[in-house]
Each structure stands twice: as structure tokens, then as C-alpha cells.
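Architecture and fold: a report
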Amino acid sequence: MTLGSTTRRAGVVELAPRGPVLIEPDGMRWRLAGDLKTEHLVGTTVTVEGTIAGAVIDVYYLAPRAELSTC
């Protein structure tokens with residue numbers, strides 16, 4: 001990823017000492033930045049959209065991820 005590239009990621013939100021992080025299924029961790037209220041999403045699978053700068057995503061969209069039906 002290049003500096004400032006836009007991305008969409010999915011994973012679980014957890015709280016770390018420096019703030020919220022997104023943990024992807026493969027173990028990749030992204031620190032989430034921006035005007036976020038994530039306390040109610042801790043432990044929840046979410047979709048995140050934002051701009052990447054290093055290991056930080058400056059989030060402009062964050063929402064719970066709907067699980068797909070297996071039917």
C-alpha cells in the first residue's frame with residue numbers, strides 16, 4: 001500500500017493502550033484514527049474504510065459487518 005491510499009478492510013475491533021485497533025483474520029493489526037466511537041463495537045466484526053498512513057487507518061466509515069447467510 002502506498003502512503004495515503006484508500007482501503008476497505010474487515011476484521012474485529014479491539015481496544016489497545018493507544019486506542020482502537022482492527023484485527024484482520026490473518027492477524028494484521030491496524031490502528032484506527034479519526035473521530036471514532038468504538039466502545040460499542042469492541043469484539044464485533046466490522047467493515048472499515050479510510051486512508052492508510054503506515055499502520056494507521058484514518059477512518060471515514062465504520063460499521064458492523066453483516067454475516068452472509070449460508071443458505
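Residues numbered from 1 in each chain as written. Predicted model: local features only at pLDDT ≥ 70, side-chain atom pairs only at ≥ 80, totals over all residues. Heavy atoms only, no water.

1. With respect to the pairing of strand β2 (residues 19–23)
Across the five residues that make up β2, a large majority, four, are buried. Pairing of strand β1 (residues 6–16) with β2, which is carried by five bridges, proceeds in the antiparallel orientation. Across the sheet, the residue bridging to E14 is V21, located in β2. Hairpin remark: β1 followed by β2, antiparallel, with two residues in the connecting loop. Here three bridges tie β2 to strand β3 (residues 29–33), and the two strands are oriented antiparallel to one another. (Buried < 20%, exposed > 50% of the residue type's maximum accessible area, 1.4 Å probe, protein only. Helix = DSSP H or I, 4+ residues; strand = E, 2+ residues; numbered from the N terminus. Pairing = 2+ DSSP bridges.)

2. Looking at the environment of G4
The topology assignment puts G4 in the segment before β1. Each C-alpha atom of the pair G4 and D58 lies 9.3 Å from the other, and the pair is 54 residues apart in sequence. Sequence-distant contacts of G4, defined by excluding residues within four places in its chain, comprise T51 and I52. (Contact = heavy atoms within 4.5 Å.)

3. Side note on the confidence of the model for the chain
In the predicted model, the chain carries a mean pLDDT of 89, and the fraction of residues at 70 or more is 89%. Within the chain, strand β5 (residues 56–64) has the poorest average pLDDT of any element, 94, and β3 the best, 96. (pLDDT = per-residue confidence, 0-100.)

4. Let's talk about the side chain of T47
When you line up the elements, T47 lands in strand β4 (residues 45–53). Setting aside chain neighbours within four positions, we find T47 in contact with R8, R9, Y61, L62, A63 and R65.

5. Some remarks on the environment of I23
Position of I23 among the secondary structure elements: in strand β2. Residue I23 is classed as partly exposed on the basis of its relative accessible area of 22%. A C-alpha to C-alpha distance of 9.6 Å links I23 and R9, two positions 14 residues apart in sequence. If sequence neighbours within four positions are ignored, I23 has contacts with G11, V12, E14, M28 and R29.

6. Considering the sheet that holds β2
Strand order in the closed barrel formed by five strands is β1-β2-β3-β5-β4, with mixed pairing between adjacent strands. Taking the axes of each pair of neighbouring strands and ignoring which way they run, one obtains an average angle of 55° across the sheet. Two strands pair when backbone bridges link them, and β3 and β5 are joined in this way by three bridges, in the parallel orientation. Note that in β5 the partner of L32 across the bridge is I57. (Axes fitted to C-alpha atoms, helices over the stretch in contact; angles between N-to-C directions.)

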